[in-house]
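# Remarks on the overall topology
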Amino acid sequence: MTTLFAGPLAPLRHRQFRLLWTGMSASLIGDGMLLVALAWQVYDLFGVPAAMSAVGVALSLPQIATLLLGGAISDRFDPRKVMLCSDLIRGLVMAGVAVLILSGALTSLWMLLALMVVYGAGAGFFGPSFDALVPRLISEDELVTANALDQFMRPAAAQIFGPMLAGGMIAVAGAGWAIAFDAATFAFSVVCLLAMGSAPPAVEEEADASESLWRDMREGIGYVRRHVWLWGTFLSATFTYLLFVGPTEVLLPYVVKTELGGSAAALSLVLTSGGLGAIAAAVLVGWIGIPRRFISYMYGTWAVATLAVAGYGAATATWQLALACVLVNGLEAAGTIAWATTKQTFVPGHMLGRVSSVDWFVSTALLPLSYALAAPVAGWIGVRGTLLGAGLIGAAVTFGFLFLPGMRGPEREAAYRARHSTETRQYIERPEPIRAEPMASEPLRAEPMKESVLVS
């Protein structure tokens, strides 16, 4: 067992972590299937982007609304039990959607939206609980390796295996059975969580729990406000996601199905290409490292990734959509690695969790509005025009934040360290693993938007 789970797989030698990771991986495959199957079913039943916009809002708004509550609850109770409840709720919702589709009873958009609201609310509790649980299951030295496993599995499962399975299953049996498979993956995750048994207790705080929670939240927000490179990047993500996430997730399936006459397998191919791009970028950056001007590099890759969204609007064939998706996801992942490394290097360890929580909350705050605006804007300037505008304007907005006074402060600090310390220079050029809290549910500026809001 020790030989099998060595190096990058070392955290898997712990039975409880292995069960957690196995269940999560299966669930992520189901999430990737849902991303394709749900979009395909919505356009089959209702045929207009406005319906998909409404579904996106129904999923994302309650997830954002319950995020902070989910973090507080996961600190007060066994996070494994919170994850169990989240998986049970979402699994039951997906089973209900599958039954409605397969029986032909899903005829009302409002019925689907009500179910998606429940699903989204349940998803808001899973991520914070996962973050709280992982450090209890493995040693501190293995946290970064566990993070790497998580970051590798997310695009592999949710963007490659899941969409591929969905495309084949929809072609053979229909979207209802693909969604039923997603429900089954939640059941599998529940079995894994039950097999784990009780998680080790967290270290207890001496201060009053409610007082400590509010004090910690205020300290985290105050720390972010004092650092331009933090709050500037959070706001950059907020406005960039507003511009391109809704149009991409609402209109890309429409372009494949309606304008190009493609199948569900064609949509799966496009999304799978993006997952391969993200994995390839992660391997390449891990091999060659991050440039010394890492903030400039980060914003440069994100700006070009956002610009590539315009490729969805210009594409006239499925392979062109796939190429654009490779660029979007690959460059986004490349910038994300630099962002995660920067936070882990320059944010004190005792503040890292709170800063990441503010990151996730602020960055995704306008996603429901992005979904809500996608359809009416497409009706006003056209589907293609909306995608072209999202890429062009989003790229300009993203790159513009690089020029905020103080944004490149960490670059200057790193350069100063490099000039005055040979040891530090070696660290900057080839960073050693950093002990940091795992951030499994970070946003795009911390994980690919590779990962859709439609998934956990």
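Up top is the structure.
I will try to describe carefully the structure that is included in this document.

Rules and cut-offs
Residues numbered from 1 in each chain as written. Predicted model: local features only at pLDDT ≥ 70, side-chain atom pairs only at ≥ 80, totals over all residues. Heavy atoms only, no water. Helix = DSSP H or I, 4+ residues; strand = E, 2+ residues; numbered from the N terminus. Buried < 20%, exposed > 50% of the residue type's maximum accessible area, 1.4 Å probe, protein only. Contact = heavy atoms within 4.5 Å. Areas by Shrake-Rupley, 256 points an atom, 1.4 Å probe, with all protein chains shown as cover. Expected span 1.5 Å × (residues − 1). Core = buried A, V, L, I, M, F, W, Y, C linked by side-chain atoms within 4.5 Å. Axes fitted to C-alpha atoms, helices over the stretch in contact; angles between N-to-C directions. Parallel < 35°, antiparallel > 145°, perpendicular 65-115°, else oblique. Left-handed = near helix turned anticlockwise from the far one by under 90°. Nonpolar A, V, L, I, M, F, W, Y, C, P; charged D, E, K, R; others polar. Bend = angle between axes of the 7 residues up to and from the residue. Phe/Tyr/Trp six-rings, centres within 6.5 Å; stacked < 30°, edge-to-face > 60°. Salt bridge = Lys/Arg side-chain N within 4 Å of Asp/Glu carboxyl O.

What follows concerns the overall build of the chain. Check the secondary structure of the chain and you find 17 helices and zero strands. Counting all 456 residues of the chain, 55% fall into the buried class. Restricting the contact set of the chain to residue pairs at least 6 apart, pairs at least 24 apart contribute 87%. As displayed, the chain has an accessible area near 18,700 Å², and 68% of this comes from carbon and sulfur atoms.

Its place among the elements puts Phe 181 in helix α6 (residues 175-196). Here Phe 181 is in contact with Met 33 and Met 169, once residues within four sequence places are set aside.

Another aspect to go through is helix α15 (residues 383-400). The terminal C-alpha atoms of α15 lie 26 Å apart, and with 18 residues this matches the ideal 26 Å at 1.5 Å per residue to within 8%. Its buried side turned inward, α15 meets α8 (228-259), α10 (294-307), α11 (310-314) and α14 (367-381).

This part takes up the nonpolar core. Soluble, globular proteins show a tendency: their nonpolar side chains are buried together. Met 94, Met 116, Ile 170 and Tyr 312 are the most contacted members of the largest nonpolar core, which has 64 residues in total. Apart from the residues within four sequence positions on either side, Ile 170 is in contact with Val 36, Ala 37, Trp 40, Ala 175, Ala 178 and Ala 264. Tyr 223, Leu 230, Phe 346 and Val 355 belong to the second-largest nonpolar core, a separate cluster that totals 26 residues.

Here we come to the packing of α14 against α15. Contact geometry for α14 and α15: axes closest at 7 Å, N-to-C directions at 115 degrees. It follows that α14 is roughly perpendicular to α15 by the angle criterion. Regarding α14 and α15, the two cross each other, and that crossing is right-handed. When α14 is examined against α15, the residues Ala 374, Val 377, Ala 378 and Ile 381 are found in contact with a partner set consisting of Val 383, Gly 385 and Thr 386. Across the contact of α14 with α15, the residue classes tally to five nonpolar, two polar and no charged.

With that out of the way, let us pick up α14. Between the first and last C-alpha of α14 there are 21 Å, a value that for 15 residues agrees with the 21 Å anticipated at 1.5 Å per step. Along α14, the largest kink reaches about 30 degrees and is centred on Ala 374; proline Pro 376 follows within four residues of it. Turning to α14, its buried residues number three or more, namely Leu 367, Pro 368, Ser 370, Tyr 371, Ala 374, Ala 375 and Ala 378. Downstream of α14 by a residue or two, Gly 382 has a phi angle that is positive, lying close to 95 degrees.

This next bit is on the packing of aromatic side chains. Overall, the coordinates contain ten aromatic pairs when judged by the stated rule. Note on Phe 234 and Trp 339: the rings are 6.2 Å apart at their centroids and 90 degrees apart in plane angle, and the pair reads as edge-to-face. With a gap of 105 residues between them, Phe 234 in helix α8 and Trp 339 in helix α12 (residues 318-346) connect regions that are remote in the sequence. Summarising the burial analysis for this pair, Phe 234 and Trp 339 share the class buried.

Another point: the pattern of salt bridges. In total, this model carries three salt bridges according to the counting rule given. A salt bridge links Arg 384 to Glu 259, with the nearest nitrogen and oxygen atoms 2.8 Å apart. Linking Arg 384 in helix α15 with Glu 259 in helix α8, this pair joins segments that are 125 residues apart in sequence. A residue is classified by how much of its surface remains accessible, and Arg 384, at 21% relative accessible area, is partly exposed. Take Glu 259: its relative accessible area is 36%, and that puts it in the partly exposed class.

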